[in-house]
Structures are given as C-alpha cells and as structure tokens.
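# Residue-level structural notes
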Amino acid sequence: MASNPTSPIGIFDSGIGGLTVAKAVMDKLPNEDIIYFGDTARVPYGIKSGQVIQRYASQITRFLLQHNVKIILIACNTVSAVARETVENIAGKTPVLDVIEAGTKTAIDTGSNSIGVIGTLATIGSNAYENALKKKNPDIDVISKACPLLVPLAEEGWIDNEVAMKALDIYLSPFRNNGVRTLILGCTHYPLFKSSIRTLFKSHPLEIIDSADAIASSAKTALKTLNLVNPSTSDGRFQCYVSDRPQRFQELAERFLGRKIDHVEIVDPD
Ligand code: DGL
C-alpha cells in the first residue's frame, strides 16, 4: 500500500535517545502520527562497527516500511553517520532524513567559521559531520570530540550533578580554548545536557545546535513540499516499539520525551 498524508512518520534510534527527536517532531507537527522504534536490545550503537550498524539499520527500515510510513527520520547520529545510504537504498521512494544533514545545515546557517562537534566514538570516528560541513564550506574549521561517557550519564539522569559537570568540563575544554562559537550536539542524548553546557560556557558565547530541532524543522518542510502533511486537526498518535525491556524504556521515556508513554510494544526486528 502506498503511503499518503495520513500515513505515520517513522522515527528510529538505537534506543531511547531518539525520543528527543520524537519530542521535537510532536512540537512542530502535532497532528502527525508517529511510529517510533528504539533498538533497546542492541544499544549502544556508538561503539559498534559500521557493518553491524548497517545490518541493524536495514532491519529497522524494513520494519518501518511494513508500517507504511510516509517518511523516515534517522534520529540516531551514529546510524546517520555510517548507514544513511543503506537506509535510503531500502527505503526506495520513501524519503529519508537524518540528523547529521539537518544539524549541519543549521550550523552552517549560523555563519560561524569555527564549529565544534561532539558525538559517540562511531560518529566522530566516521568524520561524517566534518565531511558534511566542509562540503558546504571548505574554509570552516571543525573541531570534533567523542564523548562516550555522556550517553550512560544521560540514561542515569546525571545531567547536572558534580560528575556530569566534571565530565562535560573535561570533554568540552578543547572548544573553550579554540574560539569555537557554534557547537553541534551530535548525539541523541546530548540535548539533555544543554543547560549544563550553557552554565559551563557562561562567559564564552556559544551557539548550541540541537539536531533534534533541526531534523523536525526539515521534516516539516519536506512534508509540505511533498504534499504529505496530515490534514487532521486532532493530536497525532504515538506508537512506540522496542526490541527489549519495554518497561525500562517506559520508565526512562519521560526524561527524553517530557511526558509519559502509555504503551510500549516489544518486537524483534531481526
Ligand atoms: N543514538 C546514539 C547516537 O545518537 C547514541 C546511543 C548509542 O550509542 O547507541 O549517536
């Protein structure tokens, strides 16, 4: 069955962090239905090889297509960095957006010529952000830093305590000393640290780019352009699927989504 304006938006991530994208989409497109898949059985992706991540991403893309989604949003920066093409090949005519293209565009629009990027080991190791930024403007200076401890800290809810502030201070020190004016949060979990980063950079003007907001804006534009905006005037439905521990997902969801989820279904995408 071909998708149409009333079909849902498909969003996926390695786990719970992509709910920051779901939240941004709900804010910008409140009448759209959303199908979210979080690969909680196999998270974290950020420390895995490209080949493995591509295999997981293919399975999840097929799952979303079975639900007749009208557009696919890759909420996971790691998947965006190493498996965007794989997702696109499987999606065929269904449009695909990813957080890296969206975040990069917003960062370039700030006009800054010195941009910082933080992300998982896989994202930073792939140079995907740096390549995307330099493709748009070869003169831009890009300083990247992998911050692997921030994902577990965010899941633990440690976003502004002593340990979190110390970790952020150490990870972000290269940006303070290099005149970086724009910082891309290149990981689903990092928007949770936004206000702690602002506190640390009080005396250093820094524009923080949250790729969740950026991809939600791109999705809105894409749906309009493709005549795929849902004409409904009521709140969209949010359907949530995970590959393991739905209960734990439900408990943590509020932290990322800002509201409770009623029901989470378990599926095996393999
Ligand atoms: N969702 C991942 C990302 O945005 C972070 C968690 C993981 O490593 O799987 O890169």
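We now turn to the structure provided with this report. Quick caveat, the model's predicted, so the values are computed rather than measured.

With that settled, the discussion passes to the overall build of the chain. Along the backbone of the chain there are eleven helices and ten strands. In terms of C-alpha radius of gyration, the chain reaches 18 Å, essentially the compact-globule figure of 18 Å for 270 residues. The principal-axis extents of the C-alpha atoms in the chain amount to approximately 55 × 40 × 40 Å. Looking at the chain as a whole, 53% of its 270 residues qualify as buried. Considering only intrachain contacts with a sequence separation of at least 6, the fraction spanning at least 24 residues in the chain is 77%. Looking at the chain as shown, the accessible area adds up to about 12,000 Å², and 48% of this sits on carbon and sulfur atoms.

Two elements in contact, helix 1 (residues 19-28) and helix 10 (residues 211-225), have axes whose closest approach is 8 Å; the angle formed by their N-to-C orientations is 45°. Relative to helix 10, helix 1 is oriented oblique. Considering the relative orientation of helix 1 and helix 10, their crossing is right-handed. Along its contact with helix 1, which presents T20, V21, A24, V25 and K28, the element helix 10 presents A212, D213, I215, A216, S217 and K220. Per-class residue counts for the contact of helix 1 with helix 10 are six nonpolar, two polar and three charged.

Taken as a whole, helix 11 (residues 246-257) has its buried residues at F249, L252, A253, F256 and L257. What you see down the axis of helix 11 is that its buried residues fit within an arc of 140°, all on one side. Counted as exposed and oriented over 90 degrees from the buried face of helix 11: Q247 and E251. Residues of helix 11 that are buried sit in contact with helix 1, strand 2 (34-38), helix 7 (150-156), strand 9 (238-242) and strand 10 (264-266). Downstream of helix 11 by a residue or two, G258 has a phi angle that is positive, lying close to 80°.

Read from one edge to the other, the open sheet built from four strands follows the order 6-5-7-8, with strand pairing classed as parallel. A single partner strand is all that each edge strand has here, and the edge strands are strand 6 (141-146) and strand 8 (207-210). Strand-to-strand twist across the sheet, computed as the mean angle between neighbouring axes with direction ignored, equals 20°. Across six bridges, the pairing between strand 5 (residues 114-119) and strand 6 is parallel. Residue pairing in the sheet places G116 in a bridge with I143 of strand 6. Each of strand 5, strand 6 and strand 7 (182-186) touches helix 6 (residues 128-136); the most contacted strand, strand 6, lies at about 165° to it. Where helix 8 (residues 162-176) meets the sheet, it contacts strand 5, strand 6 and strand 7, and its direction lies at approximately 170° from that of strand 6.

A large share of strand 7 lies buried, amounting to five of its five residues. Because side chains alternate across strand 7, one face comprises the buried residues T182, I184 and G186, and the other comprises L183 and L185, equally buried. Each parallel crossover has a hand, and the one from strand 7 via helix 9 (residues 194-200) to strand 8 is right-handed.

Analysis parameters
- Residues numbered from 1 in each chain as written.
- Predicted model: local features only at pLDDT ≥ 70, side-chain atom pairs only at ≥ 80, totals over all residues.
- Heavy atoms only, no water.
- Helix = DSSP H or I, 4+ residues; strand = E, 2+ residues; numbered from the N terminus.
- Rg over C-alpha atoms; globule rule 2.2 N^0.38 Å.
- Buried < 20%, exposed > 50% of the residue type's maximum accessible area, 1.4 Å probe, protein only.
- Contact = heavy atoms within 4.5 Å.
- Areas by Shrake-Rupley, 256 points an atom, 1.4 Å probe, with all protein chains shown as cover.
- Axes fitted to C-alpha atoms, helices over the stretch in contact; angles between N-to-C directions.
- Parallel < 35°, antiparallel > 145°, perpendicular 65-115°, else oblique.
- Left-handed = near helix turned anticlockwise from the far one by under 90°.
- Nonpolar A, V, L, I, M, F, W, Y, C, P; charged D, E, K, R; others polar.
- Arc of directions from axis to C-beta.
- Pairing = 2+ DSSP bridges.
- Right-handed = clockwise from strand over helix to strand, strands pointing away.

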